[in-house]
Amino acid sequence: MDIVGNLPQEISQHVLSFLTPPELIKCFHVCKKWYNLANTDFLWKRHCVLELLLSADTNIPVSSSNGQLCKWGTIYRSFKRKVNRSGILEYSTEDVICFINAKSCLDRELNIRELCNSYIWFEDSNKVIHVFNLETNESLKIDPLQEMKRMCNLITMWSDSSVVVYSPCGKVLLNLSVDYAQEVFLNKTTLVCLHPAKGQHIRLLQTFDIKSGEKLMEKNVMRFADITLHSSYDSIYILERSSRDLYRVSSLCARTGQIQWHVSLPNMFYNLWPAILHVVSHKHLFVWPCNNRTDRYSIFNLKTGKMLYASSNKGSIQYISGGVCISVDGKVVHIKSFL
């Protein structure tokens with residue numbers, strides 16, 4: 001007896017809304033009635049909005065009697081194939097063009113820049129940025145700047161003279177006039193701008209409050225420095241060459257500039273700057289090279305600066321993220337998880 005199929009359509013779809021996309025695909029094979037119930041925009045739109053930013057490992061196959069997914073199902077399948085772990089869509093897709101075909105710019109090639117919550121940020125052939133709302137089908141045009149980056153679920157654009165921070169829906173949260181910003185970092189409360197070298201060895205680091213735009217502090221850092229801002233804490237981590245023989249890793253408050261801790265490491269590269277600094281697992285600091293003059297890395301406690309771990313694996317770093325590090329030593333690949 002088909003209990004679900006015999007229910008009113010609204011109730012049947014509510015029951016199916018608790019299923020995952022792979023489980024919905026299996027419903028296609030039950031019978032034609034289940035296929036029509038499971039292959040609806042009502043069900044697939046929910047998964048598009050809630051799940052597109054998850055891992056791209058799952059490819060949802062289309063295995064049905066006529067091989068056609070509904071509009072939102074097609075969008076979900078296409079995006080799951082192309083979205084990477086950072087939530088950035090790297091390729092244009094015909095499905096997006098078909099889906100938002102009411103917009104005038106869609107007769108031209110699109111470059112999908114960001115997928116942020118239920119909003120798609122894409123660039124048309126005239127380099128104009130469009131923010132499209134997947135839930136309401138509304139769109140917003142934004143004049144682009146030279147650089148664009150997504151950090152902490154906010155979109156930041158910057159150029160020689162300004163830095164603009166947007167919410168996922170395209171609302172301006174902060175518009176700053178600055179001298180040329182070479183690098184920009186932000187979390188929910190603080191914006192960090194790193195300016196080009198003033199003189200031979202020094203760069204200027206400035207921080208601003210995102211809500212008010214007030215400048216909080218500024219500090220000179222070495223020209224060859226790697227800088228990162230914690231996504232949750234107002235802490236800046238700096239890896240710089242303090243002398244010919246030493247690296248220095250330091251943590252300072254992004255709001256006041258007060259130094260929280262610092263550690264000195266031997267410098268095994270005298271004329272180059274190949275060092276890497278990265279926050280992993282939200283509570284540890286990844287530093288390469290290690291403090292034992294070998295081609296290895298170290299893990300430090302973010303709050304105290306105490307070394308917690310020194311890698312025993314040699315090899316060049318090929319990939320580093322908040323959860324994993326991949327290094328290659330000849331034909332051997334080393335994968336270290338920080339989760």
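Above this text you will find the structure in question.
Residues numbered from 1 in each chain as written. Predicted model: local features only at pLDDT ≥ 70, side-chain atom pairs only at ≥ 80, totals over all residues. Heavy atoms only, no water.

Q: Mind showing me how you'd approach the overall build of the chain here?
A: A count of helices and strands for the chain gives seven helices and 23 strands. Buried positions account for 46% of the 339 residues belonging to the chain. Within the chain, contacts between residues at least 6 apart in sequence are counted, and of these 37% link residues at least 24 apart. (Helix = DSSP H or I, 4+ residues; strand = E, 2+ residues; numbered from the N terminus. Buried < 20%, exposed > 50% of the residue type's maximum accessible area, 1.4 Å probe, protein only. Contact = heavy atoms within 4.5 Å.)

Q: It is not clear to me how the environment of Gln 260 should be interpreted in this structure. Could you clarify?
A: Within the secondary structure, Gln 260 sits in strand 16 (residues 259-266). Along the sequence, Gln 260 and Tyr 237 sit 23 residues apart, while their C-alpha atoms lie 9.9 Å from each other. Beyond its immediate chain neighbours, meaning those up to four positions away, Gln 260 contacts Ser 235, Ser 251, Leu 252 and Cys 253.

Q: Just to check I follow, could you spell out a nonpolar patch on the surface for this structure?
A: A cluster of nonpolar side chains, namely Ile 3, Leu 7, Ile 11 and Val 15, defines an oily patch on the protein surface of about 320 Å² accessible area. Mapped onto the fold, Ile 11 is located in helix 2 (residues 9-16). For Ile 11, a relative accessible area of 43% gives the class partly exposed. (Patch = residues over 30% accessible without salt bridge, like charges linked within 9 Å, V, L, I, M, F, W, Y side chains within 5 Å. Areas by Shrake-Rupley, 256 points an atom, 1.4 Å probe, with all protein chains shown as cover. Salt bridge = Lys/Arg side-chain N within 4 Å of Asp/Glu carboxyl O.)

Q: Whenever I open this one, the side chain of Thr 228 confuses me. Can you help?
A: For Thr 228, the position within the fold is in strand 13 (residues 225-229). Once you skip the residues sitting within four places of it in the chain, Thr 228 turns out to touch Ser 235, Ile 236, Tyr 237, Leu 277 and Val 279.

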